[in-house]
Amino acid sequence: DQQVKQNSPSLSVQEGRISILNCDYTNSMFDYFLWYKKYPAEGPTFLISISSIKDKNEDGRFTVFLNKSAKHLSLHIVPSQPGDSAVYFCAASEAGGSYIPTFGRGTSLIVHP
Amino acid sequence: GAGVSQSPSNKVTEKGKDVELRCDPISGHTALYWYRQSLGQGLEFLIYFQGNSAPDKSGLPSDRFSAERTGGSVSTLTIQRTQQEDSAVYLCASRDLYQETQYFGPGTRLLVL
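In this text, all values refer to a predicted model and were calculated from it rather than measured experimentally. (Residues numbered from 1 in each chain as written. Chains lettered and ligands numbered in written order. Predicted model: local features only at pLDDT ≥ 70, side-chain atom pairs only at ≥ 80, totals over all residues. Heavy atoms only, no water.)

## Let's talk about the interface of chain B and chain A
Between chain B and chain A, the residue contacts involve 19 residues of the former and 19 residues of the latter. At the boundary of chain B with chain A, total buried surface from both sides reaches about 1600 Å², with 60% on carbon and sulfur atoms. The largest share of the area that chain B buries against chain A comes from L43, E100 and F104 of chain B, three residues that together contribute 34% of it. Taken together, chain B and chain A are joined by 0 salt bridges. Scanning the region where chain B abuts chain A turns up 4 residue pairs in polar contact (both at pLDDT 80 or more). If you list the elements that add at least two residues to the side of chain B that touches chain A, you get strand 4 (31–37), strand 5 (44–50) and strand 8 (88–95) of chain B. For the side of chain B that touches chain A, a count of residues per class yields 8 nonpolar, 7 polar and 4 charged. (Contact = heavy atoms within 4.5 Å. Buried area = accessible area lost by both parts, 1.4 Å probe. Salt bridge = Lys/Arg side-chain N within 4 Å of Asp/Glu carboxyl O. Polar contact = N/O pair within 3.5 Å; in protein donor to acceptor, adjacent residues only side chain to side chain. Helix = DSSP H or I, 4+ residues; strand = E, 2+ residues; numbered from the N terminus. Nonpolar A, V, L, I, M, F, W, Y, C, P; charged D, E, K, R; others polar.)

Written out as structure tokens, the structure is:
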């Protein structure tokens, strides 16, 4: 029973275009969401996060949108660059608990020059 | 400042042998996590240490898996009588008590023959 789902295992985008990575969750107690980026042979690195009190958080080329009613969040990368090619993990956690996030299976993004 | 380090980076072992994986968290981080990523899967939570509290072992898949954290710093994950299905990348992460962001090490790639 996956509580955090990334239904697209891979995504291919042309350089300069928008990349949209999607994530759905089922646990209504989740109230903090994070995106991590992972290059091969490296550990995941934190990219951006959003609290459930917001519906949007922006950091440079990266924007995360949260739709609580749909239990859906998305990561937008604009414009996409070849260096963005990596696996992106969505994670969710319950605030006030032990902060053990639940991770999705990841989406592999390939940005073509 | 140093990030999270893990050793060894790669480990090949024979079925039935015991292995020890080491994690050195970021200095001052009181929270430490172990995860496992099998091929094509997301990050599977294994165990969580927070300060001097009893660890959350709810993610350990069997009693062959155990972990210690000595002096609130270095952690060792031990897998006894390894099985082929234990082959995976084992990731360690640490977190500051007052932040949600986890910082991951590069992982240990374990192959059980």
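## A closer look at unusual backbone geometry
The phi angle of most residues is negative, glycine excepted, and most peptide bonds adopt the trans form. Residue V78 of chain A is joined to P79 of chain A through a cis peptide bond whose omega torsion reads -15°. The residue P79 of chain A is located in the loop between strand 8 (72–77) and strand 9 (86–93) in this model. Across the junction of S7 of chain B and P8 of chain B, the peptide omega takes the value -10°, indicating a cis bond. Structurally, P8 of chain B can be placed in the loop between strand 1 (5–7) and strand 2 (10–13). Phi at A41 of chain A is positive, roughly 65°, even though this residue is not glycine. By the element assignment, A41 of chain A lies in the loop between strand 4 (32–38) and strand 5 (45–51). Within the chain, R81 of chain B stands out as a residue other than glycine whose phi angle is a positive 45°.

## Some remarks on the nonpolar core
By size, the foremost hydrophobic cluster in this structure holds 23 residues, and its most contacted members are F33, W35, L73, L75 and Y88 of chain A. Listing elements by their share of this core, those giving two or more residues are strand 3 (19–25), strand 4, strand 5, strand 7 (62–67), strand 8, strand 9 and strand 11 (107–112) of chain A. Top contributing element to this core by residue count: strand 9 of chain A, with 4 residues. If we ignore the near neighbours within four places in the chain, the residues touching L75 of chain A are S19, I20, L21, W35, L47, I48, F62, T63 and Y88 of chain A. Ranked by size, the runner-up nonpolar core spans 20 residues in total, among them V4, L21, L46 and C92 of chain B. (Core = buried A, V, L, I, M, F, W, Y, C linked by side-chain atoms within 4.5 Å. Buried < 20%, exposed > 50% of the residue type's maximum accessible area, 1.4 Å probe, protein only.)

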